[in-house]
Amino acid sequence: MALSPCPILINGTWSVPETAETSDVHNPSTGEVIAKVPMCGADVVDSAVAAATAAFEGWWQTPPVMRVRIMMRYCALLEENFEELAAMIVVEHGKTMTEARGDLRRGIEVAEYACGITDMLKGEVLENVAPGIDCSMVRQPIGVCVGICPYNFPALVPMWMYPMALACGNCFILKPSEKVPLTGIKLIELLEEAGLPPGVFSVVHGGKECVDALLEHPDVAAISFVGSSPIAEYIHKTGTAHGKRVQAAGGAKNFVVVMPDADFGKAVEGLTDAAFGCSGQRCMAGSTAVTVGEASERFIPAIVDSASALKVGPTHLSPEAKLGGVITPQHRDRVSSLIQSAVDEGCDLLVDGRNAQVADYPDGFYLGASVVDKVKPGMTIFQEEVFGPVLNVMRMNDLEEALDLAGKVSFGNGACIYTQSGRLAREFRHRVKAGMIGINVGVPAPLAYFPFSGWDYSFFGDLHLQGRESVMFFTRAKVYTERWFAPGEGDVWHQD
Ligand code: NAD
């Protein structure tokens, strides 16, 4: 199979740079190499930043309503190319077509939200802060913004960033994950087609060297990052040390509490998707089920049946396949070794997905669903983000113990509860230590118009991605204080 081209975009021109190194992009369901991504360094980053800096003045002077028209055309083009884009996500990521459509749909919703920027950018005015003096606040774009993305949502995560940044009047440089660069390239080809002027948008590829050049560049104003927590922490520290605004979303370990009064059918359905959907490669994965009291008796056998029934296979070819390959063979081995650590530390492995085989695709990076029971605080599998199709089960006596447990984890992305009691649900959502809460919902990922509000070790920075917080992140306030004198007027009131 011919390799897909993996170009960069600088100043309106796509080209494949001559880099010393490339990195393989796989179809995880077959193991085939489908592209070789150039690992760019500081020279490419310098050119991208120079093009963006030169384009900035023209773009931010473009009336917001004209920027919105481009975004509206972009939304239409995304719809026209929806199925092609979703299929691309399936091939380079391994998730199912339904999941890929969701990935893209949630991203398009951010672009649609950005079409309302004319309202969101409006400032504030207070007349007569002193007699004859008015004060007003406007929001202006910050300059050249950068987006550094993880592999697990090839469409959604980049789109959390650039539609809002552009609508606010900034130029943008995207560094897609080097593991899934193809969807990002197609997304930006469509943005160019929608009429974005040259230089406003650049695409560069690479890993640490490329990221460090972006973090250190004096003409970059802001960094949006999504990825694992240790890297998020590094990005925040390095970016802020170089004087940039940084929003850095990290990893997670999300609990789903199942109360004895839960609707067990819904809880099992919700947790099957939350734990095993996208092969567990979601920052909002419900990776730990916390059963309270007698809930374990009904929940555990049902989730074991549900997990065992999930079919592993090539998601780009077979609609019945619910789990494609995970992103790389190294990641498959890491997940397998975390499962082994749980066994070694005394857990019961109720479903073991480690030896999943797909006859026609022996080179795919497959893992079936696994269920690990009797996980205890302090175990490796309790501490680490597994990021694979693995559900931990922990048994608690009451809600108080479950809340206490959530308080002990360093991450703070999501937490959910399944219950029919409004009182317990209210108690849970009010007190649990996490930024995104689900009540009878397994994956409480907020949509475009709400912030993606991770806490603690799941987020570094002040202003989150999505919602009005992203308008604040991609703009800065300017306050005007003004008074005007009539000709010959001399009698102006002074406070002192
Ligand atoms: P990752 O941290 O390995 O990589 C993310 C990005 O950082 C990539 O673009 C990569 O090239 C770059 N990078 C990697 N190592 C680097 C280094 N040493 N220095 C500088 N840059 C580096 O993450 P991943 O494996 O691609 O994605 C999975 C992670 O992302 C999971 O931890 C998941 O929870 C997290 N995630 C979080 C959210 C959220 O909203 N909180 C959303 C999606 C994914």
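So, how was this worked out
Residues numbered from 1 in each chain as written. Predicted model: local features only at pLDDT ≥ 70, side-chain atom pairs only at ≥ 80, totals over all residues. Heavy atoms only, no water. Helix = DSSP H or I, 4+ residues; strand = E, 2+ residues; numbered from the N terminus. Rg over C-alpha atoms; globule rule 2.2 N^0.38 Å. Contact = heavy atoms within 4.5 Å. Lys, Arg positive; Asp, Glu negative; His and termini not counted. Charge placed at Lys NZ, Arg CZ, Asp CG, Glu CD. Buried < 20%, exposed > 50% of the residue type's maximum accessible area, 1.4 Å probe, protein only. Pairing = 2+ DSSP bridges. Right-handed = clockwise from strand over helix to strand, strands pointing away. Axes fitted to C-alpha atoms, helices over the stretch in contact; angles between N-to-C directions. UniProt positions renumbered as here; feature names shortened; annotations may be inferred.

**Topic: the overall build of the protein chain**
- Of the regular secondary structure elements, the protein chain holds 16 helices and 22 strands.
- In terms of overall size, the protein chain behaves like a compact globule, its C-alpha atoms giving a radius of gyration of 24 Å where 496 residues would be expected to give roughly 23 Å.
- Overall size of the protein chain, expressed as C-alpha extent along the three principal axes, is 90 × 60 × 40 Å.
- When contacts within the protein chain are restricted to residue pairs at least 6 apart in sequence, those whose partners lie at least 24 apart make up 73%.
- Positive and negative side-chain charges in the protein chain, numbering 39 and 59 respectively, have mean positions lying 3 Å apart.

**Some words on the pairing of strand E11 (residues 245–249)**
- Counting buried positions along E11 yields four of five residues, so the element is predominantly enclosed.
- Across five bridges, strand E10 (residues 222–226) lies against E11 in parallel orientation. Within the sheet, the bridge partner assigned to Val-226 lies in E11 and is Ala-249.
- You can see the chain leave E10, run along helix H9 (residues 229–241) and come back into E11, and the turn it takes is right-handed.
- Relative to strand E21 (residues 459–460), E11 runs antiparallel, the two sharing two bridges. By the bridge assignment, Ala-248 is partnered in E21 with Phe-460.

**Details of the sheet that holds strand E12 (residues 255–258)**
- Across the sheet, seven strands lie side by side as E14-E15-E16-E13-E12-E18-E19; this open sheet has mixed pairing. The open sheet has two edge strands with one neighbour each: strand E14 (348–351) and strand E19 (436–439). Neighbour to neighbour, the strand axes of the sheet diverge by 20° on average, direction disregarded.
- In this structure, strand E13 (residues 288–292) lies alongside strand E16 (residues 390–396), joined through five bridges in parallel fashion. Bridged to Thr-288 within E16 is Asn-392.
- Contacts from helix H10 (residues 264–276) reach E12, E13, strand E15 (370–373), E16 and strand E18 (414–418), with the element oriented near 135° to E16.

**Concerning the UniProt feature "domain: Aldehyde dehydrogenase" (unreviewed entry) in the protein chain**
- Mapped onto the present numbering, the UniProt feature "domain: Aldehyde dehydrogenase" (unreviewed entry) falls at residues 18–479.
- With 42% helix and 20% strand, the stretch residues 18–479 has end C-alpha atoms that lie 47 Å from each other.

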